[in-house]
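What follows is the residue order along each chain.
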Amino acid sequence: MQRKITLPLPLQPQQLYQACDLGQFEFQTTAELDDMTEIIGQMRAMDAIRFGTGIRHDGYNLFVLGPSGSGRNSMVRRFLEKKASDERKPDDWCYINNFSQHHQPRALRLPSGRGEELRQRMDKLVDYLRSAIPALFEGDEYRAKAGAIQEEFNSKQEQAFNALGDAAAEQQIALLRTSDGFAFAPMKNREVIPPDEYEKLPEEERARVEAAIIGLQGRLEIVMRQVPQWRRERHERIKQLDSETTRTVVDHSVNEIRDDFADLPEVQKYLDRVSRDMVDNADDFRKQEETSTVGGMTVVTHQSFHQYKVNVLVGNGKQPGAPIVSEDNPTYTNLVGRVEHVSQFGALVTDFTLIKPGALHRANGGYLLLDIRKVLTQPFAWESLKRALQTREIRIESLGQMYSLVSTVSLEPEPIPLDTKVILFGDRMFYYLLQEYDAEFGELFKVAADFEERIVRNAESHQLYARLISTLARKEGLLPFDRSAVARVIEHSARLVGDAERLTTHMRSVADLLRESDYCSREAGNKVVDAANVQSAIDAQIRRQDRLRDRMHEAILRDTLVIDTQGTVTGQINALSVLSLGDFSFAQPTRITATTRLGDGELVNIEREVKLSGAIHSKGVLILSSFFAARYAKNQPMAFSASLVFEQSYGMVDGDSASLAELCAVLSHLANVPIRQSLAITGSVNQLGRAQAIGAVNEKIEGFFDICLARGLSGEQGVLIPAANIKHLMLRHDVVAAAEAGRFRIFAVENVDQAISILTGLPAGEVDDKGVYPEGSVNRKVAARLAELTEIRLSFARKIGKPVGTKKKVD
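These notes cover the structure that comes with them. (Residues numbered from 1 in each chain as written. Predicted model: local features only at pLDDT ≥ 70, side-chain atom pairs only at ≥ 80, totals over all residues. Heavy atoms only, no water.)

1. Some words on the pattern of salt bridges
Condition: A pair is scored as a salt bridge if a Lys or Arg side-chain nitrogen falls within 4 Å of a carboxyl oxygen belonging to Asp or Glu. Numbering goes from the N terminus for both helices and strands, where a helix is a DSSP run of H or I of at least four residues and a strand is a run of E of at least two.
Evaluated as defined, the whole model comprises 50 salt bridges. The partner of Glu266 in a salt bridge is Arg106, with the nearest N and O atoms 3.3 Å apart. Of this pair, Glu266 sits in helix 8 (residues 265-280) while Arg106 sits in strand 3 (residues 106-110), and the two are 160 residues apart along the sequence. With a closest N to O distance of 3.0 Å, Glu117 and Arg114 form a salt bridge. Of this pair, Glu117 and Arg114 both sit in helix 4 (residues 114-137), three residues apart, which is roughly one turn of the helix. Overlapping salt bridges, with partners in common, bring together Arg495, Glu699, Glu702, Asp706, Arg732 and Asp734 in one network.

Put into structure tokens, the structure is as follows:
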């Protein structure tokens, strides 16, 4: 009993384009609609973001997956702004001088806003002491006390020398003060004896004088040794006076600050150290200028008193809630901070006031948003980010010092504790690559927020899309969109995802279309954007990018690339290829030819032989071998070989969307049945001959339609597509109109038998219970040809005495 294969009819216009019903909209323009408050179709991602930002445990940082332009950044930022506004302000962080180890500045934590207050108070303190301390030392009270100390020293010294002089006088010896110091000389009648008269003295007298002088010199040495001690005592007393004098004004001024920060023990300790240092270095306030000679030049330096400054690294006094920081240039130093240097007399110097914050400092206590591509392309940035998250502290280290690249003096600032949520944005490729190859990634970024690229198209999503358009129009200052314009945007959104039952969530594409539609409307002098304006914007977008498509189509129309759109040819078929150039994709027909001959079942993919075939395309050709073996060679050897080639193809060929066309071409040549060149076909096929869905079905149909239209539509042209692709059809209006007028046809086939029947005009034929195909069918002709080739092969094998199915081994 023969079973008849049912051939599909051409698709109806309503199957080619799913129009948006205007009747479902109750508004006239989007000006009547409220702004959107919810997010379209991203519940999974937003739930992950709520979870990731809410859980406060180590490693629960977020990675937001999705293509650029999907609106993921703006959605996450809006969510964080609402959440962060209700959160506690983070503390301020300052760096202060370490008075015992200047190269290791200390970190000081203060409540929000208090860091800037402390900085200003310290600046005012130093400014006040610059004038107050010198004024004290120039006052009468200080001068009187210092004079008394000096007078006491002078009196003690004078008394010691006077006593020594009196003792010498009693022995007729004079104590003389010379420019070289003190000396003793013999004396008579209170007058110094000249040297010549001294020589006339009796020897006994001279011996007495010399002995007396030796004794007196011993006493003089004792006095002279006491003088430096007295000077030290005087210096210590002057220093003590200076300290007491300085302390009076310093303590009074510092205590005013101390009272205002009484609740902060660390500030109290810092102020204690500041007070001690100011008192110990009071001379710096008295002599605020120093003169030195460098290279023959006189240089005057002024005391800056940097040691008493407060470097407010991060101040959150003006920040409402938790900070949200987005770093667009995540270099190593922009992430973890840096220590700057200044040139001073040809050398690079630094201090704690030149420590600059990084994004991690600014986001501490809040949220840090980073683009993973930018982080990975910056040297050391990714490793420094991971190290900070692992240790939960921000350590500022100079790369030059770390790798011994420079020898300048640098600092070792005290690390600051880190408490922030890092949110990375990136394509799915980066997420899965890091998961696979970075063992630390999964420990640090435990939450993935995966943004959808499309949503279900239904009445509810239509209403949401209308509100989205209204919101974007108001935000961008665009003209209102009427119902027809909203419907056309929705229809184009479905076309962008290549699915009549889905809508795109790629917000950048939608927003760009709205802006360009607004431009077209204003150029036309309209006050409302209508469907014609939206269509003009769509056409303009295509026009700006279709130069290469026009050149390719021109080459076909001028027969440089040979494509037939009429007549019939055996073993030749029109397949459809898609080319993608950035955001623009277009298709064109590609000729595939097949030849068959006596052989051993090998299908030669010429593209593969010359290494121009991708793995998926090669897989599709191998599936054809399985199909022929399963259908025609269950009980006999495969006695044919075939060759397949994409004619005039000079680049890589990949994908399996041409496998159905290749199968039909081989069947045509085996059956010696010509294929209608007015038809093109696209589709994948499995081992059982069933047609499978392919991508870019709209572009492929339109690509063949454009060539046929340019040559003149006859009503015989058309395209065969897999039935599974019907739901993806959102064709151009001119294609739908031509189909409705019967000038262009689109067939949806379920298997190769339906396809070959339409392509050849002959029934494919279905095998009966006895394994025989109907007379005159394509399958009958193929089976007959294969039987003929098998008989030829068997006859040849008998002649040479070689078993069928063996191959000659070549050493």
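The structure having been displayed, the exposition proceeds.
2. Here's the deal with the environment of Gln390
Note the following rule: Throughout, a contact is declared for two residues whenever any of their heavy atoms are within 4.5 Å. In the analysis that follows, any N or O atom pair within 3.5 Å is treated as a polar contact, provided that within protein one partner can donate a hydrogen and the other can accept it, and provided that, for residues neighboring in sequence, both atoms belong to side chains.
Structurally, Gln390 is set in helix 13 (residues 381-391). In sequence terms Gln390 and Gly426 are 36 residues apart; their C-alpha atoms lie 21 Å from each other. Aside from chain neighbours lying at most four places away, what touches Gln390 is Glu440 and Leu444. Polar side-chain contacts of Gln390 include one of 3.3 Å to the side chain of Glu440.

3. Notes on helix 2 (residues 43-54)
Stated precisely, the cut-off is as follows: Here, expected helix span is obtained from the residue count minus one, scaled by 1.5 Å. Under the scheme applied here, a residue whose accessible area is under 20% of the maximum for its type counts as buried, over 50% as exposed, and between as partly exposed, the area being computed with a 1.4 Å probe on protein chains only. In this description, one arc is meant: the one made by directions from the helix axis to the C-beta atoms.
Taking 1.5 Å as the rise per residue, helix 2 with twelve residues should run 16 Å; its terminal C-alpha atoms sit 16 Å apart, in good agreement. Restricting attention to buried positions, one finds in helix 2 the residues Ala45, Met46, Ala48, Ile49, Gly52 and Thr53. Burial along helix 2 is one-sided: seen end-on, the buried residues are contained in an arc of 155°. Each element contacted by the buried residues of helix 2 is listed here: strand 1 (62-65), helix 3 (72-84), strand 15 (367-371), strand 18 (421-426) and strand 19 (447-450).

4. Examining the nonpolar core
To keep it simple, the criterion reads: For the purposes of this section, nonpolar cores are sets of buried Ala, Val, Leu, Ile, Met, Phe, Trp, Tyr and Cys residues that join through side-chain atoms within 4.5 Å.
With 79 residues, the main nonpolar core has Phe481, Ile701, Ile721, Phe744 and Ile746 as its most contacted residues. Counting residues per element, this core draws most heavily on helix 17 (residues 459-476), which supplies seven residues. Excluding residues within four positions of it along the chain, Phe481 makes contact with Gln28, Thr29, Thr30, Ile469, Ala473, Val486, Leu514, Ser517, Val528, Val529 and Val534. Of all hydrophobic cores here, the second largest spans 48 residues; its members include Phe627, Ala658, Ile681 and Val749.

5. Comments concerning the packing of helix 4 against helix 8
The packing of two helices is summarised by the inter-axis angle and the distance between the axes. To keep it simple, the criterion reads: Only the contacting stretch of a helix is used when fitting its axis, a line to C-alpha atoms as for every element, and angles between N-to-C directions run 0 to 180 degrees. Convention used here: angles under 35 degrees read as roughly parallel, angles over 145 as roughly antiparallel, angles from 65 to 115 as roughly perpendicular, and any remaining angle as oblique. It is the rotation of the near helix from the far one that decides the hand of a crossing: anticlockwise by less than a right angle makes it left-handed, clockwise makes it right-handed. Three categories are distinguished: nonpolar for Ala, Val, Leu, Ile, Met, Phe, Trp, Tyr, Cys and Pro, charged for Asp, Glu, Lys and Arg, and polar for the others, with Gly belonging to the last.
It is at 14 Å that the axes of helix 4 and helix 8 come closest, and there the two elements cross at 15°. Taken together, the axes of helix 4 and helix 8 lie roughly parallel to each other. The chirality of how helix 4 crosses helix 8 is right-handed. Residues Leu118, Met122, Leu125, Val126 and Leu129 of helix 4 form the contact with helix 8, whose participating residues are Val267, Tyr270, Leu271, Val274 and Met278. Grouping the amino acids of the contact of helix 4 with helix 8 by side-chain chemistry returns ten nonpolar, no polar and no charged.

6. Quick look at the sheet that holds strand 3
As a reminder, the rule being used: A pair of strands is labelled paired if DSSP reports no fewer than 2 bridges between them.
Sheet architecture is open: three strands sit in the order 3-2-9, paired in antiparallel fashion. This sheet does not close on itself; its edge strands, each paired only once, are strand 3 and strand 9 (311-314). For this sheet, the mean angle separating the axes of adjacent strands, direction not counted, is 35°. Helix 8 contacts strand 2 (92-96) and strand 3 of the sheet and is inclined by roughly 135° relative to strand 3.

7. Topic: the state of the cysteines
Two cysteines joined by a covalent bond between their sulfur atoms form a disulfide. In plain terms, the rule: Note on disulfides: each one is a pair of cysteine sulfur atoms within 2.5 Å.
Enumeration according to the criterion identifies zero disulfides in this entry. Free of any disulfide, Cys708 has its nearest cysteine sulfur in Cys664, 18 Å distant.

8. So, the packing of aromatic side chains
The criterion, for reference: Stacked, tilted and edge-to-face pairs are distinguished by plane angle, under 30 degrees for stacked and over 60 for edge-to-face with tilted covering the rest, among Phe, Tyr and Trp rings (Trp via its six-membered ring) whose centres lie within 6.5 Å.
This model, assessed by the stated rule, comprises 18 aromatic pairs. Taking the centre distance of 6.3 Å and the plane angle of 35° together, the rings of Phe99 and Tyr308 count as tilted. Placement of Phe99 in the loop between strand 2 and strand 3 and of Tyr308 in the loop between strand 8 (297-302) and strand 9 is noted, with a sequence separation of 209 residues between them. Judged by relative accessible area, Tyr308 falls into the buried class, the value being 1%. Here Trp382 and Phe445 contribute two aromatic rings whose centre-to-centre distance is 6.1 Å and whose plane-to-plane angle is 20°, an arrangement assigned as stacked. Residue Trp382 is located in helix 13, and its partner Phe445 is located in the loop between helix 16 (441-444) and strand 19; the two are separated by 63 residues in the primary sequence. Each of the two residues, Trp382 as well as Phe445, counts as buried.

9. Focus: a nonpolar patch on the surface
Where we set the bar: Patch members must show over 30% relative accessible area and no salt bridge, and they are joined within 9 Å when carrying like charges or within 5 Å when they are nonpolar side chains of Val, Leu, Ile, Met, Phe, Trp or Tyr. Note on areas: Shrake-Rupley, 1.4 Å probe, and residue coverage restricted to the protein chains presented here.
A surface patch of nonpolar side chains, about 370 Å² in accessible area, is lined by Met429, Leu433 and Tyr437. Considering the arrangement of structural elements, one finds Leu433 in helix 15 (residues 428-437). Judged by its relative accessible area of 42%, Leu433 is partly exposed.

10. A word on the side chain of Thr331
Within the fold, Thr331 resides in the loop between strand 10 (324-326) and helix 10 (332-336). Since its relative accessible area comes to 17%, Thr331 is described here as buried. Here the side chain of Thr331 touches Asn334 through a polar contact of 3.2 Å, landing on its backbone nitrogen.

11. Describing the sheet that holds strand 19
Read across the sheet, five strands follow the order 10-15-18-1-19 without closing on themselves; strand pairing throughout is parallel. Sheet topology places strand 10 and strand 19 at the edges, where each strand pairs with a single neighbour. Ignoring which end each strand starts from, the neighbouring axes of this sheet average 20° apart. Relative to strand 18, strand 15 is paired through five bridges, and the arrangement is parallel. Across the sheet, Leu369 pairs through a bridge with Ile423, a residue of strand 18. Packed on one face of the sheet, helix 2 meets strand 1, strand 15, strand 18 and strand 19 and runs near 155° to strand 19. Its contacts with the sheet place helix 3 against strand 1, strand 10, strand 15 and strand 18, and it is angled at close to 165° to strand 18.

12. Thoughts on the environment of Thr53
Tracing the backbone shows Thr53 in helix 2. On the basis of relative accessible area, Thr53 is assigned to the buried category, the value being 0%. With sequence-adjacent residues up to four places away left out, Thr53 is seen in contact with Leu62, Phe79, Leu80, Lys83, Tyr367, Lys421 and Ile423. Of note is the side chain of Thr53, whose polar atom sits 2.7 Å from the backbone oxygen of Ile49.

13. Topic: helix 23 (residues 615-632)
Under the 1.5 Å per step criterion, the end-to-end length of helix 23 is 26 Å for 18 residues, consistent within 8% with the ideal 26 Å. Of the positions making up helix 23, those classed as buried are His617, Ser618, Gly620, Val621, Ile623, Leu624, Ser625, Phe627, Phe628 and Tyr632.

14. Structural notes on the pairing of strand 2
Counting buried residues along strand 2, five of its five residues qualify, which places the element largely inside the surrounding structure. Side chains Asp92, Cys94 and Ile96 of strand 2 all project onto a buried face; the interleaved residues Trp93 and Tyr95 project onto the opposite face, where all are buried too. In the sheet, strand 2 pairs with strand 3 via five bridges, with the strands oriented antiparallel. Bridge pairing links Cys94 to Leu108 in strand 3. Both strand 2 and strand 9 contribute to a ladder of three bridges, which runs antiparallel. Looking at the pairing, Cys94 lines up with Val312 of strand 9.

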